[in-house]
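Observations on chain architecture
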Amino acid sequence: MSLLSIKNFAVEVDEKPILKGIDLEIGPGEVHAIMGPNGSGKSTLSYALAGRDGYEVTGGSVTFDGQDLLELDADERAREGLFLAFQYPVELPGVTNTTFLKHALNAKRKHQGLEELDALEFVKAVRKKAKELNMPDDMLKRAVNVGFSGGEKKRNETLQMAVLEPRMAILDETDSGLDIDALKVVSDGVNRLRDENRSFLVITHYQRLLDYIVPDHVHVLSAGRIVKSGDKSLALELEKSGYAEFVDAA
Amino acid sequence: MSSANAFVTDAKESARETAEQVGALGLDKYKYGFETDIEMEFAPKGVNEDIVRLISSKKEDPEWLLEWRLRAFSVWQDMPEPQWQKPHVPQIDYQDIYYYAAPKQTNKPQSLDEVDPKLLETYEKLGIPLKEQEVLAGVQGAPKVAVDAVFDSVSVATTYKKTLEAEGIVFCSISEAVHTHPELVKKYLGSVVPYSDNKHACLNSAVFTDGSFVYIPKGVRCPMELSTYFRINAENTGQFERTLIIADEGSYVSYLEGCTAPQRDENQLHAAVVELIALDDAEIKYSTVQNWYPGDEDGKGGIYNFVTKRAACRGKNSKVSWTQVETGSAITWKYPSCILQGDNSVGEFYSVAITNNRQEADTGTKMIHLGKNTRSRIISKGISAGRADQTYRGLVRVMPRADGARNFTQCDSLLIGGNCGAHTIPYIESRNPTAQLEHEATTSRISEDQLFYCLSRGLGEEEAIALIVNGFCKEVMQTLPMEFAVEAQKLIGISLEGSVG
Amino acid sequence: MTKEIENFLSDLPTRREEGWKYTDLKAIGAVAEGAGWTSAPAARAQRLSETGPLAEIDADTLVFVDGNPVVSDETSDIISVMPEGIEIAPRPGRPLHLAFVSTAIDGEAFASSPKLSLAAKAGQHYALIESHTAIGTGNTLCMPRISIEAPRDAVIKHAALFDESAAGFTLSRIDVTLDQGAEYDGFALQTGLGLTRREATVTLAGEHGFARLGGAYVGRDSSHIDNTTLVVHNAANARSLQDFRGVLDGESRGVFQGKVLVAKDAQGTDGQQQHKALLLSPKAEVDAKPELEIYADDVQCAHGATVGAIDQNQLFYLRARGIPEDHARAMLTEAFLMQSLSGISDMAIRDVFRAHLTTRLGDR
């Protein structure tokens, strides 16, 4: 059975149709990549799945582990184990990384009926995970994403993912604004989290990222529809020929 | 076209032009300081009920308008002078002013050919294209501008009337509109600025003699810039014009206003009222280059410019944009405002104010957010030099029902020399938790580094200052219609002449 | 009652006056016409009581009960009560806590106007703590005036807490004069339920002086919190910084009137000012009037003011990490105010303020 099942999913933004019927089945442990040109609806898909206000669902259904995802608020989806790594991580002045992670993790644990983590235990766990991502301790004490470089922000998203251990992670253009070294660090972080139960939806414009996070399936999104699906070779094909044929086809 | 582009892309070249212009002026610093010798008809000095009745009968007012004037006059008598502005305004002797002065004419001119040639000469000197053929004979591609010229108290000529009439646009003097479009005048006059609004507007309501009237019908985009040129000529004369612009649903108009006055030793009062009404989806762009005589270096003479300008964005999605370049007047007291009633309506205020010598200015805007998702933007650039004193005063008010209202305000002041003052007084009032208001202001001077850099590239000091100041004002100047922008830019250089110590 | 209060009550400022445009004192007049304001009976002055969360900071403590100073052995050598006011000579390096406590109970209306002047010594460092708290729930009108003279190179750190009852009116005034190289670093946390107006004037009278005025406030229920500041740059090359933040809930109203005045000869001035407010309720209101009045040309002055709601991007980001909306809003509100507390250099005071702020935000 699919972990995430998207059927004929249609979404409008400002009364303008953006997604015009998406069908996608993601099984446990699978990594799917969605590629597409600018304006094809990639970010809309990730925001709509995460439950952002202003993304009006006009048709179709989405189930997450058998549950109607669209019935849930953004924070409920997150607590159920859906994680969105933002293309543009938001700055939170005055909120330290540690505080933020603790609130997020405890919200989830409470939802799962678990005890809140002991502060010391928590800090230890976070430090360990930060280290794996080459994040110095002082980054944990700083306000979330404030004054972070592009690479640091993406590492921070990966850290949050590592701490929150979602069942399904959507990576929205995680590669944008990263140099090759930062890309490796972030990809390694993601790859460490891959296992037979955890699924990924990797959204990207370029094939480059998929050299590091190798997908099981690749889909091409154009003008709000999936116009072609295949295995990882489809990404390489796209790299060569570009999106032109799909843009025309749509 | 080319000179306007030069303004945008090559500020250095234009600064040279400015410097040349300054040089060409020689000792006559105020270019428009001449006087026109023309036979005038005056009402006796002073104001009382009889004078109001006299003005009313001269204008052949309908009964309702006379009554309105008289009500205004009776309120005015007990009204206190505004006291909150920073400039100290000397006691005005309202009985020592002529309230009605008009070029003597036996009959109303039917066409431009019948207008006194001396008047036309005056406007020619001012560079105002009154004669349509001159505009047509001008540089190829020069846009047409329809002009209403107001000389002291009365409108002397309106051009391009026929072309505009074909579109259903009404552009005429307000005294004419009272007769030709009484229903519109009656409905909208005083609907944005009630006569009891403030002392100056109240006096205007009682004694206004002329001004421009514009009506743009539904869905019409006015094909040319409309322009009024105000000229105070006669001695001891107040000018009290009144402008009313109505943009009906879905229409658009760009309106320009210019003003000059002769150089005189005494102070002259200019108390105008401008009312703009934008209905659903309509847009009005109102640009002013104010160059009233500012007085001499010692502060002798000059115009008291006490003007009430206000726009009502009544309709949904309506927009009003005020742009002003203020270089003249001894004292300026002026706050072009927008009442954002219609949902999604937009108000903008772009201002450059330059004060030099002994000039004083207290100017800014008010943005009142009433409707949902209303937006306002304020960009103000103040330059103070010599012994001048300048204040930006602005109000942004968000009322409880204005969900999603937005305001952005940027106020920058530049000081030239250590004897002037520059002040910023914003009032920011919000009563809606979904509104977002942002205000930023800075005060600084032209840095030694900037100046030295320009000098080391061969620019003279005044040229360098004009260049830097023009750069400082660029964001506002870009909002002016092109033909106005070039003029305004030159004016900045001239206004700052002598500011280098 | 003091002459000062009598004069004040007989001619209450009205909203027609520019400086009182946003703060209405009609309610003070109503008490005057009703029960009538009186001085607290001397007996009350013996009742020393808790002085709020700042009591835990180790300091010389001078308690004013309903305006009357309670002189203890501990403080007898630093204060002298004179007819024209109380003169205080704080000990350098030892915090001094001025604790104003209101004890009026229902039916009482106590008015007071304690006048304090502090004399610092050149080159010395001082820590001043000020608190305004209430035990009773009756009407109180407290009009303290504190004046501080800071001679050459003196450094004064000042932390103030205003946490009065709903029936409390506090109209406080502080005037600070800084000589050459002197520093004043003040921070006020306002969380009271009544009407609080704090007028702070700092005059930079000598070159290279530095003044900071910081503040954070929480408006809730029908509280009214007014900060009216004036920083006067009379000397060259001095620096000033103002940074205020407020959160307004319920039917509360926040007022910020801040002014930087740079005199003609104060070249090389650096004057910065900022006010940020967060409106949380459709019945709350905020009015800001940040002013620059500048007569010198070689200056760097700027002010910024924002009023807004919680940022939707930030809110979504928190929710996308599983934090429930209410909780996310509370976090962002607290973070908004906490940022201004980072300006307090004394860690112990900062911690007390942080904890108090969290408590009061929870009380909303």
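Residues numbered from 1 in each chain as written. Chains lettered and ligands numbered in written order. Predicted model: local features only at pLDDT ≥ 70, side-chain atom pairs only at ≥ 80, totals over all residues. Heavy atoms only, no water.

Quick word on the overall build of chain B
Scanning chain B from terminus to terminus reveals 13 helices and 23 strands. A total of 501 residues make up chain B; the buried ones form 62% of that total. Pairs at least 24 residues apart make up 85% of the contacts formed inside chain B by residues separated by at least 6 positions. Only carbon and sulfur atoms are counted for the fraction: they give 47% of the accessible area of chain B, which is about 18800 Å². (Helix = DSSP H or I, 4+ residues; strand = E, 2+ residues; numbered from the N terminus. Buried < 20%, exposed > 50% of the residue type's maximum accessible area, 1.4 Å probe, protein only. Contact = heavy atoms within 4.5 Å. Areas by Shrake-Rupley, 256 points an atom, 1.4 Å probe, with all protein chains shown as cover.)

Observations regarding the packing of aromatic side chains
For any pair of aromatic rings, the description rests on two quantities: the centre-to-centre distance and the angle between the ring planes. Tallied over the full model, the rule gives 21 aromatic pairs over all chains. Between A:Tyr47 and C:Phe316, the aromatic rings sit 6.0 Å apart at their centres with planes inclined by 70°, giving edge-to-face as the arrangement. Here the residue A:Tyr47 occupies a position in helix H1 (residues 42–50), and C:Phe316 occupies one in helix H3 (residues 312–319), the pair thus bridging two chains. For the pair A:Tyr47 and C:Phe316, one class covers both residues: buried. Over the ring of B:Tyr252 we find B:Arg221; its NZ or CZ atom is 4.1 Å from the centre of that ring. The positively charged end of C:Arg245 is found above the aromatic ring belonging to C:Phe336, 4.9 Å away from the centroid. (Phe/Tyr/Trp six-rings, centres within 6.5 Å; stacked < 30°, edge-to-face > 60°. Lys NZ or Arg CZ within 6 Å of the ring centre and 35° of its normal.)

Section: the interface of chain A and chain C
Between chain A and chain C, the residue contacts involve 30 residues of the former and 17 residues of the latter. Contact between chain A and chain C buries roughly 2000 Å² in total, counting both sides, with carbon and sulfur atoms accounting for 65%. At the junction of chain A with chain C, the criterion picks out three salt bridges. Counting only elements with at least two residues in the side of chain A that touches chain C, the list comes to H1, helix H2 (74–80), strand S6 (82–85), strand S7 (92–96), helix H3 (97–111) and helix H6 (150–164) of chain A. Tallied by class, residues from the side of chain A that touches chain C come to 19 nonpolar, five polar and six charged. (Buried area = accessible area lost by both parts, 1.4 Å probe. Salt bridge = Lys/Arg side-chain N within 4 Å of Asp/Glu carboxyl O. Nonpolar A, V, L, I, M, F, W, Y, C, P; charged D, E, K, R; others polar.)

A few points about the packing of helix H4 (residues 325–341) of chain C against helix H5 (residues 347–363) of chain C
Residue and element names in this part refer to chain C. Between H4 and H5, whose axes approach to 11 Å, the crossing angle comes to 155°. Looking at the two axes, H4 sits roughly antiparallel to H5. Our pair here, H4 against H5, has a crossing hand that is right-handed. Counted together, Thr333, Glu334, Leu337, Met338 and Leu341 of H4 and Arg350, Phe353, Arg354, Leu357, Thr358 and Leu361 of H5 form the full contact between these two elements. Considering only residue class, the contact of H4 with H5 consists of six nonpolar, two polar and three charged. (Axes fitted to C-alpha atoms, helices over the stretch in contact; angles between N-to-C directions. Parallel < 35°, antiparallel > 145°, perpendicular 65-115°, else oblique. Left-handed = near helix turned anticlockwise from the far one by under 90°.)

Points about the packing of helix H4 (residues 119–132) of chain A against H6(A)
Residue and element names in this part refer to chain A. Their axes nearest at 10 Å, the elements H4 and H6 cross at an angle of 135°. One element, H4, and the other, H6, form an angle in the oblique class. Remark: the crossing between H4 and H6 carries right-handed chirality. Counting all contacts with H4, which are made through Val126, Lys129 and Ala130, the residues of H6 involved are Leu159, Ala162 and Val163. The residue inventory of the contact of H4 with H6, partitioned by class, reads five nonpolar, no polar and one charged.

Description of the pattern of salt bridges
All told, the structure shown has 57 salt bridges over all chains when counted by the stated rule. With its nearest N and O atoms 2.8 Å apart, the salt bridge here joins A:Glu157 to C:Arg321. With one member in each of two chains, A:Glu157 in helix H6 and C:Arg321 in the loop between H3 and H4 form a pair that bridges those chains. The two residues A:Glu157 and C:Arg321 agree in class, both being buried. Close ionic contact of C:Arg94 with C:Asp60 constitutes a salt bridge, the shortest N to O distance being 2.9 Å. Of this pair, C:Arg94 sits in the loop between strand S4 (85–88) and strand S5 (96–102) while C:Asp60 is found in strand S1 (residues 60–65), placing the two residues 34 residues apart along the sequence. The structure contains a network of salt bridges with shared partners spanning B:Lys86, B:Asp389, C:Glu18, C:Lys259, C:Lys289, C:Glu291 and C:Glu293.

Quick notes on H1(A)
Because each turn of an α-helix spans 3.6 residues, side chains separated by three or four positions in sequence point in the same direction. Residues and elements named next belong to chain A. Taken across its nine residues, H1 has eight buried, putting it largely inside the fold. For H1, every residue scored as buried is listed here: Lys42, Thr44, Leu45, Ser46, Tyr47, Ala48, Leu49 and Ala50. After H1 finishes, the residue Gly51 shows a positive phi value of roughly 90°.

A look at the confidence of the model for chain C
Across chain C, the average pLDDT comes to 93, with 98% of residues at 70 or higher. Predicted as a complex, the structure gets a pTM of 0.86 and an ipTM equal to 0.90. (pLDDT = per-residue confidence, 0-100.)

Side note on the sheet that holds strand S1 (residues 4–13) of chain A
All names here are of chain A. The four strands lie next to each other as S2-S1-S4-S5, forming an open sheet whose pairing is antiparallel. In this open sheet, the two strands that pair with only one neighbour each are strand S2 (16–26) and strand S5 (67–68). This element, H1, spans S1, S2 and strand S4 (55–64) of the sheet and lies at about 110° to S1. (Pairing = 2+ DSSP bridges.)

Details of the sheet that holds strand S11 (residues 217–222) of chain A
Residue and element names in this part refer to chain A. Taken in spatial order, the six strands of this open sheet run S6-S9-S10-S3-S11-S12, and their pairing is mixed. One side of each edge strand has no neighbouring strand; the edge strands of this open sheet are S6 and strand S12 (225–230). The mean angle between the axes of side-by-side strands here comes to 20°, regardless of whether they run parallel or antiparallel. Summarising the sheet, strand S3 (residues 31–35) and S11 pair through four bridges and their orientation is parallel.

A look at the nonpolar core
Membership of the largest hydrophobic core comes to 107 residues, with the highest contact counts inside it found for A:Phe9, A:Leu49 and C:Phe353. For this core, the leading source of residues is H4(C), giving eight residues. When neighbours within four sequence positions are excluded, C:Phe353 is seen to be in contact with C:Leu54, C:Ala159, C:Ala160, C:Leu161, C:Phe187, C:Leu189, C:Leu341 and C:Ile344. In terms of nonpolar packing, the next biggest core, distinct from the first, is built from 60 residues, B:Met224, B:Ala282, B:Cys411 and C:Leu248 among them. (Core = buried A, V, L, I, M, F, W, Y, C linked by side-chain atoms within 4.5 Å.)

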